[in-house]
Every structure is written in structure tokens, then in C-alpha cells.
Amino acid sequence: MAMRKRIVGTAGARARSGTGIACALAGLVLVAAPSRAADYPHAQEPIGTVTQVYEGKLLPDQAVSTFRNIDRLFPTRTIAAGGTVRALPAAETPLGEVVFTEGDKTYDLFDVMALDSFTAMIVLKDGKVAFETYQRGNTPDTRWMSMSVAKSITSTLAAIAIKEGKLSGLDAPVTDHVPALKGSAYEGVTLRDVLTMTSGVRWNETYTDPASDRRALLKAQVSQEPGSAMKLMASLPRAAEPGTANNYSTGETQVLGEVVRGAVGKPLAEYLSEKIWVPYGMEADANWWLDSPDGHEIGGSGISATLRDYARFGQFFLENGTIDGASILPDGWVREAAGPTALEDGSKLDYGYMWWTGWTEPSIADGAFAAIGIQGQNIYINPKRDVVIVTFGAQPKPVGKEPVDPLVFFDAVAAALD
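Q: Mind laying out the nonpolar core, listing which residues take part and the relevant values?
A: Trp333 and Phe409 are the most contacted members of the largest nonpolar core, which has 128 residues in total. For this core, the element with the highest residue contribution is helix H5 (residues 149–163), accounting for nine residues.

Q: Would you mind going over the side chain of aspartate 411 in detail, with residue names and values included?
A: Here aspartate 411 shows up in helix H14 (residues 406–416). Put simply, aspartate 411 is tucked away with no salt bridge, and the nearest opposite charge, on arginine 385, sits 7.2 Å away. Excluding residues that lie within four positions of it along the chain, aspartate 411 makes contacts with Thr360, Pro362, Ser363 and Tyr380.

Q: Quick rundown of the packing of helix H7 (residues 213–223) against helix H8 (residues 228–235)? Include the residues and the values.
A: Helix-helix packing: each pair is described by the crossing angle between the helix axes and the interaxial distance. Closest axis-to-axis distance for the H7/H8 pair is 8 Å, and the angle between their directions is 150°. For the element pair H7 / H8, the angle class is roughly antiparallel. H8 is crossed by H7, and the crossing has right-handed handedness. Here Asp213, Ala216, Leu217, Ala220 and Ser223 of H7 lie close against H8, whose contacting residues are Ser228, Ala229 and Leu232. When grouped by side-chain class, the residues that make up the contact of H7 with H8 number five nonpolar, two polar and one charged.

Q: Residue-level account of the pattern of salt bridges, with values.
A: Evaluated as defined, the whole model comprises 23 salt bridges. Among the ionic pairs, glutamate 297 bridges to arginine 261, the shortest N-O distance being 3.6 Å. Remark: arginine 261 occurs in helix H9 (residues 250–264) and glutamate 297 occurs in the loop between strand E10 (286–289) and strand E11 (303–305); sequence separation between them is 36 residues. In this structure, arginine 385 engages aspartate 366 in a salt bridge whose closest nitrogen and oxygen atoms are separated by 2.7 Å. In this pair, arginine 385 sits in the loop between strand E18 (377–382) and strand E19 (387–393) while aspartate 366 sits in helix H13 (residues 361–366), placing the two residues 19 residues apart along the sequence. By sharing partners, the salt bridges in this structure join Lys125, Asp366, Lys384, Arg385 and Asp418 into a single network.

Definitions and cut-offs
Residues numbered from 1 in each chain as written. Predicted model: local features only at pLDDT ≥ 70, side-chain atom pairs only at ≥ 80, totals over all residues. Heavy atoms only, no water. Core = buried A, V, L, I, M, F, W, Y, C linked by side-chain atoms within 4.5 Å. Buried < 20%, exposed > 50% of the residue type's maximum accessible area, 1.4 Å probe, protein only. Helix = DSSP H or I, 4+ residues; strand = E, 2+ residues; numbered from the N terminus. Lys, Arg positive; Asp, Glu negative; His and termini not counted. Salt bridge = Lys/Arg side-chain N within 4 Å of Asp/Glu carboxyl O. Contact = heavy atoms within 4.5 Å. Axes fitted to C-alpha atoms, helices over the stretch in contact; angles between N-to-C directions. Parallel < 35°, antiparallel > 145°, perpendicular 65-115°, else oblique. Left-handed = near helix turned anticlockwise from the far one by under 90°. Nonpolar A, V, L, I, M, F, W, Y, C, P; charged D, E, K, R; others polar.

Keep in mind that these numbers describe shape and distance, not what the molecule does.
This is the structure we're talking about:
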């Protein structure tokens, strides 16, 4: 059960070159220059390297300081906030005691926060804050890494592009919007295939294996050479026909990001700011990793945002993407995106459009689903109980070793609010 189906991948429009990026990528530990972000509470902390993150070779305090400073590992583009901030009022009834069992052991909230290395957590019930905590020096101003939570955000941008008519729909060929993939194994692959990770293109997602495709994509990002990620994706061979096999791939989300960028004609961070961050009322600017200075966003990871703004995104999705009384998502999108989806032969996939379906009995019964990133990043959405839960995590290795299944815990929290 430790390697259950939820094991996942990594993780305005001004681009900023990270101070000392070349040194960081060579394996040195950096201290931020004061000019980087004088008002950011963690700007002076020493951090580790991106290789240490993926190899799981950060000591606990170093992991915490690194995960809240990932915008120092690569150049980023700002996801600008602005306008009226959407309030998150306190719930009339705060979260009470949470006690549950997993296997033959009984846990409570305090156990899980410690055992699963959660460094912050917020719980919304009916859009109001029932619980909120910051640990390990984090504050409401802390921007924390998303890892593969970013995949679900990129997927949502694709949905908005469909609603706006900039993407023709789920059957749109990806090569129509990404010329670099023409003539590759992505010929004949549709937007639906990429969203469900059923392109059939070969991929090895093992984070800790330096020879894996996932690490090759990281090396392309480290190179900071424009177009290097798509060059890698175009070089991959076909392993199955499109739509016939599911294989979790951060590379698919990089392709998806390129599809969206090509369709909307602007950077993902700018599109996210324009369509969600500003109109929905996010409180703070966020950042998104780039493949090169002033380049393209990393579709599958690299967003860093505040706890409350991740919660607002979860609430936005729970509310079917409604802004100012109208949904900016296609009709039925949230239901479809939350899965389960299916292969060409009708076989069920416990995966949606880059969202994870619930795998516990309570979550399946409630139709709950989640955006999940390695090392403890979660946005859990329970539509039946109108609950959103977000966690920041600083787990030591990207291999799903948390002692307590987070979904079992989230189900118990949601139930305790009724």
C-alpha cells in the first residue's frame, strides 16, 4: 500500500534569473541575495539543490528552507495577483477532534502532522476556514512548492482554453499547437490522451534514478536551453498506441503546457493570472519555474504559492470554476476531470484529467479527488461535504513513504466537520 496508485510526479509575466543559479545546479548550497525579495520572510535562508530534492538527500531543516524557496532554484515568471482579495472567513464551528484508524493503528491530527511531515495545513468547510496551522517557521506569507499539484492547475488552464474556443476540444491533436513534436511519437496523440497520460509514448518516472526519463527532463530544465524539454519529448519512442495504456508521466504535462501556450498565445503564468489569480481574488503573487530565462513554464511542477491561495484554487474548482456567477470551465468539466476516466477498450482508469480519484471507501462514496505532489503536497476536494484541504509537506524522499495515508486522514477530517 505504500506505493499505491497515488504516487506522483514532481513537481505578471516578468521573468527573473535566480541569483547564483549555476552554482545551485552544480550542487552548492546558496543564500539568497537581499535584492531578490527583501520583504519575503525566508529570503535569507540557506537552501539545498534541485538534485538533492529529487534524490531525497536533504536533512529536515534544509528540506523546509528549500521547499519554501524553490524560486531560487530556477528562473521564474510571476503569477500576478491583483484586485479584490477573496475573503476566507472563519467557520462558525472550527474543526474538532479527529481520530481514525488505518490498519490496526489509531491516529489523530497531531500524529499525522508529525508523522507525515506536514508543515502547514488549512481546511475549508463551505468556503470558510475550519482549521489553519503553520509549522516549521512557515507563515501565511510563505510560498511553498507545488510539485505535481501544478499538473492539476495546468489541466485547468487547458479547460479554460477549450471553453474560450482556443482549443477545439479533447480530440485536438497536440501537434497542431506544438510544432516541435511533429514527426515524433506524439503524432496522432490527442489532448485527451495527454490529460489522461495515455499517449503511449515511453516514459520512466522514477525520480531517484539518474537514468530515468524524469531525471532527463530535469536535466533539460537544468540546462536552461530554450526548447530542450520539447527536444527530449520529441526523441522518445512509442510504447503503445494512444489511448490504450496509462503511464504516469511528468513529460505529458510539459507537453500539455506547450499545447496551452501555443493555443492561447501567451505564457501559462500570465494566462493563470488573467483567468483565475486576479478575477477569483488570490491574495499574493505566486511564481512558476521556467525552462530557460524568460522561457516557458514547467507544466508539471514549479509553482510556489501561499497556503490560502492554494485553498482558494481548490474552492474555485469545487465551485465548478465559477467567477462572477458564471463558470469559466466547460460544462461538466469538474466531474470529468475528477475521473475516473477510461482507456480505448473501456477499462476504467483511477485517474482523471491530471487529478487523482479517491481510492478509499469514504472518498469514493463522496466523489472526493485530489491534486497531489511528492513530499506531501495536497489539495483534497470533497464535493459531497463541501470540504477543501491543503497541506504543505517536507517529507524527506519523493517515494511515497509517508507513514499515514493522507487520503484516510483527509476523509476523517471531512467526516469530522459534519
